[in-house]
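# A closer look at the structure
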Amino acid sequence: MKSKILVAFAATLALTACTTTNPYTGQSQLSNTAGGALIGTGGGAVAGALVGAAVGGDPRVGALIGAGVGGLTGAAIGNYMDQQEAELRAQLQGTGVSVTRVGQNIILNMPSNITFATDQSTVNPAFNSTLVSVALVLKKFDKSIVDVYGHTDSQGDDAYNLSLSQRRAVSVATILANQGIDQRRFYIEGKGETSPIASNATEAGRAQNRRVEIQIAPING
């Protein structure tokens, strides 16, 4: 089984030593002190991301519920996600970001042509306001977890594409977290060219594959 790696880029290598053990998952993570500094200064990383494989359920859910964030049950889940979806659609109308509902989850698809310059991992300044709009909704609907996935097309070196997708996912997640969202809600993964949604044989297909996806799921509790 392929392990899901949670990727966090520290502002300096020294921060890699600032780790603690998460009491709910038993896995290593950046300390709250180091994490707060990164988020507070916009240091280019989403701190507090767990490093390792999520086995037997999502470790974030237990950590958040254990920290006092209530979960959702029964019909309340659908209603909660319906409201969140409606607000995201209102905020993202005309931005080029698609909103898709899959069961109780919401997927935001951010094409790279509006999010990043070619071969770059710094979010286009013009797109920042769109991400801030997303963050406002995520902050309001705090009973949900947020997965941020970076994707590329199949052109070029596999390892380079993986690295680029990771850096892009972290850039998007960092802007979101900088708006005051609990960093424990995030899961960040670069998938490189492994999860295409269109054919890489055409430019139109490759353009669809170059994207960042944000997947939002309810906290079941």
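Our structure is the block above this text.
Residues numbered from 1 in each chain as written. Predicted model: local features only at pLDDT ≥ 70, side-chain atom pairs only at ≥ 80, totals over all residues. Heavy atoms only, no water.

Turning our attention to the packing of helix 5 (residues 125–140) against helix 6 (residues 158–177). Packing of helix 5 against helix 6 brings their axes to within 8 Å, and their N-to-C directions diverge by 60 degrees. As far as their axial angle goes, helix 6 and helix 5 are oblique. The two elements helix 5 and helix 6 cross, and the hand of that crossing is right-handed. Contact residues: Asn128, Leu131, Val134, Ala135 and Leu138 in helix 5; Val172, Ile175 and Leu176 in helix 6. Across the contact of helix 5 with helix 6, the residue classes tally to seven nonpolar, one polar and no charged. (Axes fitted to C-alpha atoms, helices over the stretch in contact; angles between N-to-C directions. Helix = DSSP H or I, 4+ residues; strand = E, 2+ residues; numbered from the N terminus. Parallel < 35°, antiparallel > 145°, perpendicular 65-115°, else oblique. Left-handed = near helix turned anticlockwise from the far one by under 90°. Contact = heavy atoms within 4.5 Å. Nonpolar A, V, L, I, M, F, W, Y, C, P; charged D, E, K, R; others polar.)

So, on to the pairing of strand 7 (residues 211–218). The side chains of a regular strand alternate, first on one face of the sheet and then on the other. Among the eight residues that make up strand 7, seven are buried, leaving the element largely enclosed by the rest of the structure. Two strands pair when backbone bridges link them, and strand 4 (residues 105–111) and strand 7 are joined in this way by six bridges, in the antiparallel orientation. Each residue of the ladder has a partner; that of Pro111, found in strand 7, is Arg211. As judged from the eight bridges shared by strand 5 (residues 144–151) and strand 7, these two strands associate in the antiparallel manner. (Buried < 20%, exposed > 50% of the residue type's maximum accessible area, 1.4 Å probe, protein only. Pairing = 2+ DSSP bridges.)

Another point: the sheet that holds strand 4. Sheet architecture is open: five strands sit in the order 3-4-7-5-6, paired in mixed fashion. Only two strands of the sheet have a single neighbouring strand rather than two, namely strand 3 (98–102) and strand 6 (186–190). Looking at each pair of strands side by side, their axes are set apart by 20 degrees on average, direction ignored. Looking at chain direction, strand 5 and strand 6 are connected through five bridges and run parallel. Its bridge partner being in strand 6, Val146 is matched across the sheet by Phe186. Against the sheet, helix 3 (residues 75–92) makes contact with strand 3, strand 4, strand 5 and strand 7, and its axis sits at roughly 165 degrees relative to strand 3, the strand it touches most. Helix-sheet contacts for helix 5 involve strand 4, strand 5 and strand 7, and the interaxial angle to strand 4 is about 170 degrees.

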